[in-house]
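# Inside the fold
Here is what each chain is made of, one letter per residue.
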Amino acid sequence: MTDEELERQLRFILKQINENVNVLEDYIDEIKDDEELAELFTSVSGKTLEEIIEEQNESDRRRTEESRGYYEKLKQYMDEKNWTYRSIDDDMILVVCFGLSNVVVNVFVIIEPISQTVTINTVLPYEIKDGNEDALKIMLAEFNSTCRFGSFVFDDETGCLAYYYSWCFFRQNFVKEVFENYLYACLIPPDDYAEIINGII
């Protein structure tokens, strides 16, 4: 896997994270900019917008600290498994390469501190060519209808194709057996469908 390919996949991952964060920021900004909306918000909540924001900031700090602890335990687990991985500590992202039966994939494990979720993105090593997107999306919709956990996702902008699953670890410790179960669940479908996908793109 070249650095250029990894950078393309990372742009896809960070784009997903930022889209989730920006929704909340836009909502707060919308209330701030509308005096009537801010007054309505205060009358309903019993608190000023500034008080709500401070409470939210404190909650975010606490959740970030707890998430950092979870992230460090996850790194410790990977060290114990002697896996070679890359870490992006500021964003709490770990990248591991796995050679499966039918395909080699990069697995991005992302800790999202505010929502306290773990997301596993198994990115397949394909760059989808122009003209094949519609056929691919139809096929992925059929695949997803059979998946009990997780789903395939295709990003038009980066051309990345991945299988992902998220779960919440709120008030939970890191349990390696739980992580392994979810990890395997995110490796099996990409491996099973790799040859079919490769035949279309």
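Residues numbered from 1 in each chain as written. Predicted model: local features only at pLDDT ≥ 70, side-chain atom pairs only at ≥ 80, totals over all residues. Heavy atoms only, no water.

Turning to the overall build of the chain, a few remarks are in order. Counting its regular elements, the chain contains six helices and six strands. Shown N-terminal to C-terminal, the secondary structure of the chain runs as helices and strands in the order α-α-α-β-β-β-β-α-β-β-α-α. Within the chain, buried positions represent 39% of all 201 residues. For the chain, contacts bridging at least 24 residues in sequence account for 56% of all contacts bridging at least 6. Carbon and sulfur atoms make up 48% of the accessible area of the chain, which amounts to about 11800 Å² in all. (Helix = DSSP H or I, 4+ residues; strand = E, 2+ residues; numbered from the N terminus. Buried < 20%, exposed > 50% of the residue type's maximum accessible area, 1.4 Å probe, protein only. Contact = heavy atoms within 4.5 Å. Areas by Shrake-Rupley, 256 points an atom, 1.4 Å probe, with all protein chains shown as cover.)

A few words on unusual backbone geometry. Of note, Q116 is a non-glycine position whose phi angle comes to about 50°, a positive value. Of note, Q116 is situated in the loop between β3 (104-112) and β4 (117-123).

Before going further, it helps to examine the packing of helix α4 (residues 133-146) against helix α6 (residues 188-200). The N-to-C vectors of α4 and α6 enclose an angle of 165°; their axes lie 10 Å apart at closest approach. By the angle between their directions, the pair α4 and α6 is classed as roughly antiparallel. The chirality of how α4 crosses α6 is right-handed. Mapping the contact onto sequence places A135, L136, M139, L140, F143 and T146 in α4 and Y193, I196, I197 and I200 in α6. The residue inventory of the contact of α4 with α6, partitioned by class, reads nine nonpolar, one polar and no charged. (Axes fitted to C-alpha atoms, helices over the stretch in contact; angles between N-to-C directions. Parallel < 35°, antiparallel > 145°, perpendicular 65-115°, else oblique. Left-handed = near helix turned anticlockwise from the far one by under 90°. Nonpolar A, V, L, I, M, F, W, Y, C, P; charged D, E, K, R; others polar.)

Before going further, it helps to spend a moment on α4. For α4, spanning 14 residues, the distance from its first C-alpha to its last is 20 Å, which sits close to the expected 20 Å at 1.5 Å a residue. Of the residues making up α4, those classed as buried are E133, L136, M139, L140 and F143. Axial view of α4: buried residues confined to an arc of 130°, hence all on one face. Residues of α4 that are exposed and angled more than 90 degrees away from the buried face: D134, I138, E142 and S145. (Expected span 1.5 Å × (residues − 1). Arc of directions from axis to C-beta.)

The next subject is the pairing of β3. With respect to burial, β3 is a largely interior element, eight of its nine residues being buried. As judged from the seven bridges shared by strand β2 (residues 93-99) and β3, these two strands associate in the antiparallel manner. Bridging from a neighbouring strand, G99 pairs with V104 of β3. From the end of β2 to the start of β3, which pair antiparallel, there are four residues. Note: β3 against β4, seven bridges, orientation antiparallel. Following the sheet pairing, V109 is matched in β4 by I120. (Pairing = 2+ DSSP bridges.)

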